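# Structure assessment
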Amino acid sequence: MTSRYAPDHSTVLEISGVSYALLKKESDTLTYARIDAPDDLRVFTHKEFGNLLGNVDVRLRPLEMTEGRKAALARTGTKYIGTMPKRSREKALWKEAWVMAGLAALDDGRAKRTEASLNKIIPNLNAEIEKRRSIKTKAKRAGQLRPRSFEAPCARSLLQWMRDYQNSGRSALALVRKKGSGRFGPEFCPETTRLLNSCINESINMQRLSMIEAHKNCRDAFAQANVERSEANLPPLHLPSLSTFRRRVSKMNAHELYVRQHGREAARRKFRFYEQGLNAMAVGQRVEVDSYKTDVFTVLSWMQKAPDCPDVIEKLKPIRLWIIVAIDCATRCIVGFKLSFTPNAEAAVEVLGQIGRDKSHIAASAGCTSPWNQSCGVSEIAVDNGAEFISRAFQMAVTDLGWAITYTVAAHPELRSIIERFFRTLGSKCLAHLLGRTFSNFIERGDYSSEALAALDEDELTQILLLFFVDIYHNEPHAGLNGETPANAWLRLSHTMGKIPEPDPITALAVFGVPVVRKLGRGGVLFSGIRYVNDVLREELLRNYDSEISIRVDPQDVGWIAVFVDDEWHPAFAVNAAVRGMSYQCWRSFVLEERARNRTAAILNEDIIVAARKR
């Protein structure tokens, strides 16, 4: 069966530099219209569209048809935050952190969307952001500089940043350059606004006074303030009317208002809309990613090769590895995972890279009989506030892929209930059967010696997890899917609701490829003895001879690379067509074998060379 794609109308399809917008989406076909020539239509079947996305000259640009995204691109002049200068990049991510913190404050009722309200919590937000920026995913190395700090913004700037960020589809690119606020003057003077907000905060409580009685308290507070201002020879404050007071209260966050009148726990019960996490109808619409400390002790493979020395063996203790998992909410399919010593940014980015590609070869290497062909693009990535997910590398990867990232509220696991429930399933159905399990607590563990019975190394644990995910979990009936298996749910939704398209090859390579800088010469770009050329490099050579070019290399295929020229990534192919489809490891092995063979031949001919010199 052919997968059915469901691209968004705001996504631009670019074919060989020509941009197309989605005109019509039907059950069997997708119709695109050329943006600069609307009468030029291109109709694709879903199979043709899938094959088209595999071409290196095809690009998908999410949200580019939205006005906010257009304005952001016009201001920044770039489509990729990862290629910007370091200071600009850091400032944009710093602004995004402020926007995230500000939006979270609005959502949980700590502030309202006013300058006066935000001014009150800006010091708290600043402390929170600096604390998050100080979290390290690994130890600081010698000579490594601390993250650059910037001066906290004013409330007006923060409000404008939040507007730009939301209008652009939640892209950090909208925050690259400062934009004038363009807002009108305030309704009241700052002192009046401050006192009005204070009266609302004091009057809206569990006493649940009527609006008339609450406004009377406000009137008394303004009268007292005006007496004090009169003694200080200051002009009196204007008392807001009852209708204004009602209007301000009605604009309060509904959850905040309920918390003040009934308590936090009552509000949590009333507003717990998603009992099983946020609903997703299409494949890739929402993917939850989280890290989990495995409930089993692991003996690292290098420990087994340690010398038989009591002092060394004493220091080599089994450890519990971390696993980062990505799960598609609509189908409950696992679309990526990675074991690591700590939940770090590199592992999190690697999991992102697995989401958009077929992983059947990985499953086959572990002995799986079922394919691991679940791959898709993502509309929304839901993560918590772990250090690996608030890292610059993870944020830049998500931004350059055109995906939206959602940081869920701490202490509310129900907002990511699907991934949280999966970890319980992993512990009970898989890890509970392994030697060295840790149990939930020391009472349940009893006399079981978890560390002494540890027998698996990290490679064996990875193989076991692959077998469990692909052959068992994907093919077992799932209660959250009404008894349907995740694998069958993937097939069904892919053909009925469609799936978010995977990142195009150039974007995927630009985000997940190995970054390298090489000089441009008459032979193109040289990497590991392989020369790469294209028309863009030839033109760049005429403009900037011997210039340095940023490239991205795919370790699984050295037949082509991505080169960054004129603020865009372009494919460049190897001059030697024989290396296309060859991995970097195979290429290096081949080169080393050839060098060894040549050295042997040179030694055999050494006698002939010496004799010739004597003659």
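Residues numbered from 1 in each chain as written. Predicted model: local features only at pLDDT ≥ 70, side-chain atom pairs only at ≥ 80, totals over all residues. Heavy atoms only, no water.

### Let's talk about the nonpolar core
Here is the rule we go by: We call a set of buried residues a nonpolar core when its members are Ala, Val, Leu, Ile, Met, Phe, Trp, Tyr or Cys and they connect through side-chain atoms within 4.5 Å of each other. Burial classes: relative accessible area under 20% of the type maximum marks a residue as buried, over 50% as exposed, and values in between as partly exposed (1.4 Å probe, protein chains only). Here a helix means four or more residues in a row that DSSP labels H or I, a strand means two or more in a row labelled E, and each is numbered from the N terminus. By definition in these notes, contact holds between two residues if any of their heavy atoms fall within 4.5 Å.
Grouped together as the largest cluster of nonpolar side chains are 85 residues, with contacts concentrated most on Ile355, Ile381, Phe422, Leu426, Leu465 and Phe469. When residues in this core are grouped by element, the largest group, nine residues, is from helix α3 (residues 86-107). Setting aside anything within four residues of it in sequence, one finds Ile381 in contact with Val287, Val289, Leu352, Ile355, Phe394, Trp403, Ala404, Ile405 and Thr406. With 21 residues, the next largest nonpolar core counts Phe527, Ile551, Ile561 and Val565 among its residues.

### Describing the side chain of Arg332
Our working rule: For this count, His and the chain ends are skipped, Lys and Arg are scored as positive, and Asp and Glu as negative. We define a salt bridge as a side-chain nitrogen of Lys or Arg found within 4 Å of a carboxyl oxygen belonging to Asp or Glu. Between N or O atoms, a polar contact is any pair within 3.5 Å; within protein, one atom must be a potential hydrogen donor and the other a potential acceptor, and residues adjacent in sequence are included only when both atoms are from side chains.
Within the secondary structure, Arg332 sits in the loop between β7 (322-328) and β8 (334-340). For the buried Arg332, which has no salt bridge, the nearest side chain bearing the opposite charge is Asp328, at an N-O separation of 7.4 Å. For Arg332, the side chain forms a polar contact with the main-chain oxygen of Cys329, separated by 2.5 Å.

### Some details on the pattern of salt bridges
Tallying each qualifying case throughout the model produces 27 salt bridges. Its salt-bridge partner being Arg597, residue Glu594 comes within 2.3 Å of it at the nearest N-O pair. Of this pair, Glu594 and Arg597 both sit in helix α21 (residues 584-604), three residues apart, which is roughly one turn of the helix. Among the residues examined, Arg597 registers a relative accessible area of 46% and is labelled partly exposed. If you follow the salt bridges from partner to partner, you end up with Glu14, Arg59, Arg61, Asp504 and Glu568 in one network.

### Structural notes on the side chain of Arg248
On the secondary structure map, Arg248 appears in helix α8 (residues 242-250). Looking at Arg248, the relative accessible area reads 15%, which means it is buried. Among residues more than four places away in sequence, those in contact with Arg248 are Glu187, Phe188, Thr193, Leu196, Asn197 and Ile200.

### What to know about the pairing of strand β4 (residues 41-45)
When a strand is regular, its side chains alternate between the sheet's two faces. Cut-off, in case you're wondering: Two strands make a pair as long as DSSP finds a minimum of two bridges between them.
Two strands pair when backbone bridges link them, and strand β3 (residues 29-34) and β4 are joined in this way by five bridges, in the antiparallel orientation. Note that in β4 the partner of Tyr32 across the bridge is Arg42. In textbook terms, the turn of a hairpin is the stretch between consecutive antiparallel strands, and for β3 and β4 this stretch comprises six residues.

### Let's talk about unusual backbone geometry
Located in the positive-phi region is Asp546, a residue other than glycine, with phi close to 65°. Mapped onto the elements, Asp546 comes out in the loop between α20 (535-543) and β14 (548-554). The phi dihedral of Asp567 falls on the positive side, at around 60°, and the residue is not glycine. Classification of Asp567 by relative accessible area gives partly exposed; the value is 26%.

### Here we look at the sheet that holds strand β6 (residues 287-293)
Basically, it comes down to this: Fitting a line to C-alpha atoms yields each axis, with helices limited to the stretch in contact; the angle taken between N-to-C directions then spans 0 to 180 degrees.
Judged by pairing direction, the sheet is mixed, and its five strands sit side by side in the order β8-β7-β6-β9-β10 without closing on themselves. The strands lining the two open edges of the sheet, one partner per strand, are β8 and β10 (404-407). In this sheet, neighbouring strand axes are inclined to one another by 20° on average, regardless of whether the strands run parallel or antiparallel. Where β6 lies against strand β9 (residues 380-383), two bridges are found, and the strand directions are parallel.

In short, the description is geometric, and any link to function would need to be established separately.
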